[in-house]
Amino acid sequence: MPDGERTTRRVLLKLSGEALMGKGDFGIDPVVMERLANEIADLSRAGYELALVIGGGNIFRGAGLAGGGMDRVTGDHMGMLATVINSLAMGDALRQAGVDARVLSSLDMSQVCEPYACYRALEHLRNGRVVILSAGTGNPFFTTDSAASLRAIEIKADLLVKATKVDGVYSADPMKDADAVFYSRLTYEKALAEKLGVMDATALILCRDHDLPLRVMNINQEGALARLLSGEDIGTLVSTGENP
């Protein structure tokens, strides 16, 4: 494993909804979905216990409409439903890739997917199923990043992976600042103090307080997730340890 990480067998992968769009501006790109599902399925067959949290930004963003006058609670509930749509799509793609996948929802919709309970998620993981945890925390005002951190802690994940469109964490937006510095290692304290945009503060504090390592990586690089879990030093490691 990369230096500073404990042995990794149970992983929670946080995917943004935008990661499913491919080169489009909206919705789900079937080619991207198939590629991601095949990579996750291969890792599951290799013996990793995998849980997913998928955002809904490719379909709906509650916070954005709240700024336009919509009630924030209503908007956040709509955003949670968008994550369920993405999760159902990923569950189907994974089953077509040959692995058993179960969608669990923090909102009660038993005709569509299973209700979330920690013990149920753990049972599925132990039985080799990929678990997709949808509808955030089930509460408004919490991001899917916070939901990913919370669920990773609840299922006792060895590692939380945030899959993004960039190679890791920089001191500034590398698309706008040519002098932006790439961090291969980072402490939670530094990420919080410098507001580096790794995750929202609630998510980072949860990870820090429970000593959960976080990897930020580019999911658009085919095979990068498998290389990371097999020991390659990819992206940025955020942890409670000291910076090198």
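Please refer to the structure placed before this passage.
Residues numbered from 1 in each chain as written. Predicted model: local features only at pLDDT ≥ 70, side-chain atom pairs only at ≥ 80, totals over all residues. Heavy atoms only, no water.

Asker: I would appreciate a short explanation of the overall build of the protein in the present structure.
Answerer: The number of helices and strands found in the protein is 8 helices and 11 strands. Expected size for 244 residues packed as a compact globule is a radius of gyration near 18 Å; at 17 Å, the protein falls within 12% of this value. Taken along its principal axes, the extent of the C-alpha atoms in the protein is 50 × 45 × 35 Å. Within the protein, the fraction of its 244 residues that count as buried is 51%. Restricting the contact set of the protein to residue pairs at least 6 apart, pairs at least 24 apart contribute 72%. Counting 25 positive and 32 negative side-chain charges, the protein places the centres of these two groups 3 Å from one another. (Helix = DSSP H or I, 4+ residues; strand = E, 2+ residues; numbered from the N terminus. Rg over C-alpha atoms; globule rule 2.2 N^0.38 Å. Buried < 20%, exposed > 50% of the residue type's maximum accessible area, 1.4 Å probe, protein only. Contact = heavy atoms within 4.5 Å. Lys, Arg positive; Asp, Glu negative; His and termini not counted. Charge placed at Lys NZ, Arg CZ, Asp CG, Glu CD.)

Asker: I'm lost on the packing of helix α1 (residues 30-45) against helix α3 (residues 72-96) in this one. Help?
Answerer: The relative placement of two packed helices comes down to the angle between their axes together with the axis-to-axis distance. In contact at an axis separation of 9 Å, α1 and α3 are set at 60° when each is read in the N-to-C sense. The orientation of α1 with respect to α3, classified from their angle, is oblique. Read as a crossing pair, α1 and α3 show a hand that is right-handed. Facing α1, whose interface residues are Met 33, Leu 36, Ala 37, Ile 40 and Ala 41, α3 presents Asn 86, Ala 89, Met 90, Ala 93 and Leu 94. For the contact of α1 with α3, the residue count by class is 9 nonpolar, 1 polar and no charged. (Axes fitted to C-alpha atoms, helices over the stretch in contact; angles between N-to-C directions. Parallel < 35°, antiparallel > 145°, perpendicular 65-115°, else oblique. Left-handed = near helix turned anticlockwise from the far one by under 90°. Nonpolar A, V, L, I, M, F, W, Y, C, P; charged D, E, K, R; others polar.)

Asker: Can you help me understand α3 in this one?
Answerer: When the terminal C-alpha atoms of α3 are compared, their 36 Å separation across 25 residues agrees well with the 36 Å that a helix rising 1.5 Å per residue should span. With a side-chain oxygen lying 3.3 Å from the backbone nitrogen of Val 73, the N-terminal cap of α3 falls on Asp 71. A positive phi of about 100° marks Gly 98, the residue just after α3. (Expected span 1.5 Å × (residues − 1). Polar contact = N/O pair within 3.5 Å; in protein donor to acceptor, adjacent residues only side chain to side chain.)

Asker: How do you make sense of the nonpolar core when you look at a structure like this?
Answerer: Considering soluble globular proteins, one finds that nonpolar side chains tend to be buried as a cluster. Leu 15, Leu 52, Met 90 and Leu 94 are the most contacted members of the largest nonpolar core, which totals 41 residues. Residue assignment for this core shows that the elements contributing at least two residues are β1 (10-15), α1, β2 (49-54), α3, β3 (101-105), β5 (130-134), β6 (159-164) and α8 (224-229). Looking at which element gives the most residues to this core, the answer is α1, with 7 residues. Counting residues in hydrophobic clusters, the runner-up holds 30 residues, among them Val 131, Ala 148, Val 169 and Leu 204. (Core = buried A, V, L, I, M, F, W, Y, C linked by side-chain atoms within 4.5 Å.)

Asker: Looking at this structure, how should I read the state of the cysteines?
Answerer: One covalent bond between the sulfur atoms of two cysteine residues makes up a disulfide. Tallied over the full model, the rule gives 0 disulfides. Left unpaired, Cys 113 is separated from the closest cysteine sulfur, that of Cys 118, by 17 Å. Not part of a disulfide, Cys 207 finds its nearest cysteine sulfur in Cys 118, a span of 16 Å. Judged by relative accessible area, Cys 207 falls into the buried class, the value being 0%. (Disulfide = S-S within 2.5 Å.)

Asker: So what exactly am I meant to see when it comes to the sheet that holds β3 here?
Answerer: Two pairing modes exist for strands in a sheet, parallel and antiparallel, and in both the strands are linked by backbone hydrogen bonds. With mixed pairing, the 9 strands of this open sheet are ordered in space as β4-β3-β5-β2-β1-β6-β10-β11-β9. Two strands close off the open sheet at either side, each with one partner strand: β4 (114-115) and β9 (185-187). Taken strand by strand, α1 contacts β1, β2 and β5, and its axis lies near 150° from that of β2. Strands β1, β2, β3 and β5 of the sheet are contacted by α3, whose axis makes an angle of about 170° with β5. (Pairing = 2+ DSSP bridges.)

Asker: Which parts of the structure should I look at to understand the pattern of salt bridges?
Answerer: Pairs can form between side chains of opposite charge whenever their charged atoms are close. Taken as a whole, this structure holds 17 salt bridges when the rule is applied. Measuring nitrogen to oxygen at the nearest pair gives 2.9 Å for the salt bridge that ties Arg 72 to Asp 76. With a gap of 4 residues between them, Arg 72 and Asp 76 both fall in helix α3, about one helical turn apart. The exposure class of Asp 76 is buried, given its relative accessible area of 12%. The partner of Arg 129 in a salt bridge is Asp 100, with the nearest N and O atoms 3.0 Å apart. Residue Arg 129 is located in the loop between α4 (118-126) and β5, and its partner Asp 100 is located in the loop between α3 and β3; the two are separated by 29 residues in the primary sequence. Overlapping salt bridges, with partners in common, bring together Asp 100, Arg 102, Glu 114, Arg 120 and Arg 129 in one network. (Salt bridge = Lys/Arg side-chain N within 4 Å of Asp/Glu carboxyl O.)

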